[in-house]
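# Notes for the structure review
Here's the letter readout for the chains.
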Amino acid sequence: MLLDATTLHHYARGAAILGAGGGGSTGVGLLAALQAVEELGPVEVVPVTEVPDDGLIMPVAGLGSPDVTLEKIGNPRMGVWLREMIERETGLRAHAMMPGEIGGGNALMPVVWAAHAGLPLVDADGMGRAFPEMQMISMHLAGIPATPTVLIDERGQGMVFRDMDAHWLERAARAVAVAFGGFVTTADHVVTGAQARTSTVLGSVSRAVRIGEIVSGSRSDRVSSILEHLDGHALVTGKISDVDRRTTDGFVRGSVLIDGVREDKGRLVRVEIQNENLVVLEEGRMLASVPDIITVLDTQTSDVVFTELLRYGQRVTLVALPAPDIWCTPRGLEVVGPRAFGYDFDYEPVGSILAGLPGAPARSAPAEAGR
């Protein structure tokens, strides 16, 4: 598969839906990716099975607060610099890049970096969605060392981290990202082809493209199309009545209130945020939580409203999609479940929650796009 001027639009739409409101807006990332493939040619997407056992794969992503990326766009050469740093640190030649996460702009920028670095992109990622912290990645679950990790900003100022576990890496790299202006680019949890086959979420790039194609091909009611093809649930349709959002410690944190309209009139739903949408609460009860994918859609266009773009008065539909299977295991929930974010309750799949709430709005259908 090639990512070019046609497939990139579908890829961006699918990655936005999988991002759970995070990963950064796909708007800038899509423009940058389109420019990169126009100047340098399409980026090849290769299955993990085609990477040699000892082929070095670089998982790459942005690190920091998504709202900073609205003004701090970055530099397309960052991919070249990351490759040079990783090759110098490991003594190995890079074989391919891989999105660290398949959500939002963090799915698009690896296309730019791969194009400029002259590398293909592996059809996989480390999350199957987007998460805010560096230890929240499938390679960490599989025991892949977090370091060596390289970090670079848009001016080419870099830093190398060695001999740290994923939790210490998150603390150290986050602090550096704040010092560098709130956003940087990283390559961490570097894997070989053999390791990637058992430690990554396979098929993520092609899945995002497929989701985008399905949604783009829907002639009417794209929200329903998303729910039908991804086994999703609509939680509420309404108007945003309040946004409490702040940038602190390298994250966007806060909450948003959605006042129900039409059949949901009289309901008031709260979404809590840490870069991504974390939990949905109504009258003290949980409607959905991580690791399920909670996404705010524009009611009329079905476009994803990213957490840094939520505004008072927007008409939205809040939906929840099932989490990738890897995060629903006991070990996965320990890393990305509600308690990992400080909540005093356990994860329950959104479908089970809604099934236990008579009268609660729930729509679902057998998944076609897969996970």
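All residue numbers refer to positions counted from 1 along the written sequence of the respective chain. Where totals are concerned, whole chains, interfaces and linings use all residues; where local detail is concerned, this predicted model gives features only for residues with pLDDT of at least 70, and gives and counts side-chain atom pairs only at 80 or more. Remark: hydrogens and water are excluded; side-chain values derive from all non-hydrogen atoms of the structure.

## Here we look at the domain arrangement of the chain
Partitioning the chain into structural domains gives domain 1 (2-205) and domain 2 (219-356). Boundaries between domains were set according to an automatic or database domain assignment. Distance from the C-alpha centre of domain 1 to the C-alpha centre of domain 2: 25 Å. For this analysis, residues touch if any pair of their heavy atoms sits within 4.5 Å. If you look at the interface, domain 1 gives 36 residues, while domain 2 gives 34 residues. Buried surface at the junction of domain 1 and domain 2, summed over both partners, amounts to about 2800 Å²; 65% is from carbon and sulfur atoms. When a carboxyl oxygen of Asp or Glu is within 4 Å of a side-chain nitrogen of Lys or Arg, the pair counts as a salt bridge. Summed over the shared surface of domain 1 and domain 2, the number is 1 salt bridge. Asp 303 serves as the salt-bridge partner of Arg 13, at 3.4 Å between the closest nitrogen and oxygen. Polar contact is defined as a pair of N or O atoms within 3.5 Å, subject to the rule that within protein one atom must be able to donate a hydrogen and the other to accept it, and that residues adjacent in sequence are counted only when both atoms are side-chain atoms. Counting across the domain 1 and domain 2 interface gives 14 residue pairs in polar contact (both at pLDDT 80 or more). Secondary structure is summarised from DSSP: a helix means a run of H or I of at least four residues, a strand means a run of E of at least two, and numbering begins at the N terminus for each. Only α1 (7-18), α5 (138-141) and α6 (166-179) provide two or more residues apiece to the side of domain 1 that touches domain 2. Under the grouping applied here, Gly and all other residues not named as nonpolar or charged are polar, the nonpolar ones being Ala, Val, Leu, Ile, Met, Phe, Trp, Tyr, Cys and Pro and the charged ones Asp, Glu, Lys and Arg. Among the residues forming the side of domain 1 that touches domain 2, the class breakdown is 15 nonpolar, 15 polar and 6 charged. In short, buried area is how much 1.4 Å probe accessible area vanishes from two parts on joining, totalled over both.

## A closer look at the pattern of salt bridges
Applying the stated criterion to the full structure yields 16 salt bridges. With a shortest N-O distance of 3.7 Å, Asp 244 and Arg 246 are connected by a salt bridge. To sort residues, take the accessible area from a 1.4 Å probe on protein chains only and compare it with the maximum for the residue type: under 20% means buried, over 50% means exposed, and anything in between is partly exposed. Assessed through its relative accessible area of 42%, Arg 246 is described here as partly exposed.

## Re empty space enclosed by the protein
Definitions used for this entry: grid spacing 1 Å over protein atoms alone; cavity, a set of points where a 1.4 Å probe fits but cannot get out; pocket, an open set with protein on both sides within 12 Å along at least 5 of 7 lines; lining residue, one with an atom within 4 Å of a point. Grid points are joined across faces, edges and corners, and a volume is the space filled by probe spheres set on the points. Using the criterion set out here, one finds 3 cavities of 30 Å³ or more in the structure. Counted as a void, the largest cavity has a volume near 550 Å³. If you go around the largest cavity, you meet 40 residues; those closest to its centre are Ala 61, Gly 62, Leu 63, Asn 106 and Phe 183. The set of elements that each furnish at least two residues to the lining of the largest cavity consists of α2 (26-40), β3 (56-64), α4 (105-117) and β9 (183-187). Per-element accounting of the lining of the largest cavity gives the leading share, 5 residues, to β3.

## Examining the pairing of strand β18 (residues 315-321)
Most of β18 is tucked away, with 6 of its 7 residues classed as buried. For two strands to be treated as a pair, DSSP must find no fewer than two bridges joining them. Bridge analysis of strand β17 (residues 293-298) against β18 gives 6 bridges, and the strand direction is antiparallel. When the bridges of β18 are listed, Leu 297 appears paired with Thr 317.

## Thoughts on the packing of aromatic side chains
Aromatic pairing here means that ring centres of Phe, Tyr or Trp (its six-membered ring) are within 6.5 Å. Orientation follows from the plane angle: under 30 degrees is stacked, over 60 is edge-to-face, and everything else is tilted. Inspection of every chain in the model, using the stated rule, returns 2 aromatic pairs. Relative to Trp 327, the ring of Phe 131 has its centre 5.3 Å away and its plane inclined at 80°; by these criteria the two rings are edge-to-face. Of this pair, Phe 131 sits in the loop between β6 (124-125) and α5 while Trp 327 sits in the loop between β18 and α10 (330-336), and the two are 196 residues apart along the sequence. The residues Phe 131 and Trp 327 share a single accessibility class, namely buried. Measuring from centroid to centroid gives 5.4 Å for Tyr 343 and Phe 345, while their planes differ by 35°, and the two rings are tilted. Looking at Phe 345, the relative accessible area reads 22%, which means it is partly exposed. Comment: the charge-over-ring label is applied if NZ (Lys) or CZ (Arg) is within 6 Å of the ring centre and within 35 degrees of the ring normal. The positively charged end of Arg 129 is found above the aromatic ring belonging to Phe 131, 4.1 Å away from the centroid. Over the aromatic face of Trp 168 sits the side chain of Arg 171, whose NZ or CZ is 4.1 Å from the ring centroid.

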